[in-house]
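What follows is each chain in one-letter form.
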Amino acid sequence: MIRNYQEKFERSINTIHQLKNLLELAQEGVNTEELQKAGIEMVVRVTNSEGGYLHFFDEREQAIDLATWSEHVIETCEADSVMHYPIEMAGIWADCARERQPVVHNDYQSIEDSQKGGLPEGHFTVTRHMSVPVFDHDKLVAIAGVGNKAKPYDDMDIIQMEVLMSCLWSVLQQNRARDILRRYSYEDGVTGIFNRRKFNEAIEIEWSRLRRKGERLNLIMVDIDFFKNYNDHYGHIKGDECLNKVAAILQQNFRRTGELVTRYGGEEFAIIVPYISLEEVLTTAQTAHQCIIDAAIPHKHSSVAEFITVSMGIAGTVPQEDNFQQLIDIADANLYTAKLSGRNRIV
């Protein structure tokens, strides 16, 4: 009896350590995919199993999506990893989803193949199996399973797995919420492109990166000509539509790896363009400038054209010092020159 209590105590301590590790990973900002992998590996360890899996479950569609297999399963499994399929195609390893409670098959090998189902040729060989459902309140959101423990699975294994999977789901939800908040904190509410906050972060990162590599960094500042007049005459709804169209044209033209189009503020955009020469930047800028003219967005209250036009200021350098602000200042000064020189031009 004492020996049994001692074993349960040690297994409980092991589970607590794994929970601590999982929470530390979450605090370090590990991405969702890595958290999923770490979570299933932890379950495999605490239950002394050989392999494991995690599937997300869509109650509305009654379908399963593969989230991850444990490393050992990936190494030994030759079967195709089907990502999405209906629950009726799954074998008894998904009984926990059908029954909405933990299911243990300590005699898995003795079950007839016609009853097992769901394991294609080349799949990881299963001798023992245990699976548990994962709930978000009353909603079934995932199923997790382990296989091939040397001894039969018991109630303690079920408890360990339920606790770890419940914690993993909470961490994944927090990650998802963080990702959503992060995305919206960087997204301009009108155009849907990146905003000034994202620009401030990106320009600093790119400056440091290209300084180390000795590569060129270019910056383009773009301003819609006489946009206040446009807003006053056509209204803010049309103004937002105009901003969206200009943003879309800029994104269509600046889409090489590393290029970033942002709304800098009001009617102004900032475009980060790494690597390429000033001549190449100018060529792309001229194409984008002409595309905006060709869009023929009517602007009766512009002094330079009957349609929406833009002014652009370009600056570029191979970063040498820590201060990237000078690049912004020069691009901004060139934009100011373009506007003073009559607008609808590139400097």
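For the structure itself, look to the data block above.
Parameters at a glance
Residues numbered from 1 in each chain as written. Predicted model: local features only at pLDDT ≥ 70, side-chain atom pairs only at ≥ 80, totals over all residues. Heavy atoms only, no water. Helix = DSSP H or I, 4+ residues; strand = E, 2+ residues; numbered from the N terminus. Polar contact = N/O pair within 3.5 Å; in protein donor to acceptor, adjacent residues only side chain to side chain. Buried < 20%, exposed > 50% of the residue type's maximum accessible area, 1.4 Å probe, protein only. Pairing = 2+ DSSP bridges. Axes fitted to C-alpha atoms, helices over the stretch in contact; angles between N-to-C directions. Contact = heavy atoms within 4.5 Å. Salt bridge = Lys/Arg side-chain N within 4 Å of Asp/Glu carboxyl O. Core = buried A, V, L, I, M, F, W, Y, C linked by side-chain atoms within 4.5 Å.

### Examining the environment of Gln173
(1) Moving on: Positionally, Gln173 belongs in helix α6 (residues 155–185).
(2) Moving on: Spatially, the C-alpha atom of Gln173 lies 9.3 Å from that of Thr32, the residues being 141 residues apart in sequence.
(3) Moving on: Here Arg176 takes part through its side chain, which lies 2.7 Å from a polar atom of the side chain of Gln173.

### With respect to unusual backbone geometry
(1) Moving on: Located in the positive-phi region is Asn48, a residue other than glycine, with phi close to 55°.
(2) Moving on: For Asn48, the location among the structural elements is in the loop between α2 (32–46) and β1 (51–58).
(3) Moving on: For His137, which is not glycine, the phi torsion reads 60° and is therefore positive.
(4) Moving on: Checked against the element boundaries, His137 lands in the loop between β5 (129–136) and β6 (139–147).
(5) Moving on: In this structure His137 comes out as exposed when scored by relative accessible area, which is 74%.

### A few points about the sheet that holds strand β7 (residues 217–224)
(1) Moving on: In spatial order, the strands read β8-β9-β7-β10; together these 4 strands make up an open sheet with antiparallel pairing. With partners counted over all chains shown, the strands left at the sheet margins are β8 (260–265) and β10 (310–317), one partner each. The sheet shows a mean angle of 20° between the axes of neighbouring strands, direction not considered.
(2) Moving on: Pairing analysis gives 8 bridges linking β7 to β10, with the strands arranged antiparallel. Paired with Leu219 across the strands is Ala315, a residue of β10.
(3) Moving on: Against the sheet, helix α10 (residues 278–294) touches β7, β9 (268–274) and β10, its axis set at about 165° to β10.

### Focus: the pattern of salt bridges
(1) Moving on: Overall, the coordinates contain 14 salt bridges when judged by the stated rule.
(2) Moving on: The partner of Asp223 in a salt bridge is Lys339, and the shortest N-O contact between them spans 3.7 Å. With Asp223 in strand β7 and Lys339 in helix α11 (residues 325–340), this residue pair connects regions lying 116 residues apart in the sequence.
(3) Moving on: Note that Asp232 and Lys228 form a salt bridge whose closest N and O atoms lie 2.9 Å from each other. Placement of the pair is Asp232 and Lys228 together in helix α8 (residues 227–234), with a separation of 4 residues, close to one helical turn.
(4) Moving on: The exposure class of Lys228 is exposed, given its relative accessible area of 59%.
(5) Moving on: Connected via shared salt-bridge partners are Arg11, Lys149, Asp154 and Asp157.

### Side note on the sheet that holds strand β4 (residues 103–105)
(1) Moving on: With antiparallel pairing, the 6 strands of this open sheet are ordered in space as β3-β2-β1-β6-β5-β4. Strands with a single pairing partner mark the edges of an open sheet, and in this sheet they are β3 (84–86) and β4. Sheet twist, expressed as the mean angle between neighbouring strand axes with direction ignored, is 25°.
(2) Moving on: Relative to β5, β4 runs antiparallel, the two being bridged by 3 bridges. The partner of His105 across the bridge, within β5, is His129.
(3) Moving on: Packed on one face of the sheet, α2 meets β1, β2 (63–69) and β6 and runs near 130° to β1.

### Regarding the nonpolar core
A general trend in soluble globular proteins is that nonpolar side chains are found buried together.
(1) Moving on: Core analysis: the biggest nonpolar cluster contains 29 residues, and Leu54, Ala144, Val146, Met161 and Met165 have the highest contact counts within it.
(2) Moving on: Elements represented by at least two residues in this core include exactly α1 (2–27), α2, β5, β6 and α6.
(3) Moving on: Among the elements that line this core, the one with the most residues is α6, at 9 residues.
(4) Moving on: Here Met161 is in contact with Val43, Met130, Val132, Ala144, Gly145 and Val146, once residues within four sequence places are set aside.
(5) Moving on: In this structure, Ile220, Ile224, Phe254 and Ala285 belong to the second largest nonpolar core, which totals 27 residues.

### Quick notes on the environment of Ser166
(1) Moving on: Relative to the helices and strands, Ser166 is located in helix α6.
(2) Moving on: When the C-alpha atoms of Ser166 and Val134 are compared, they prove to be 6.4 Å apart, with 32 residues separating the residues in sequence.

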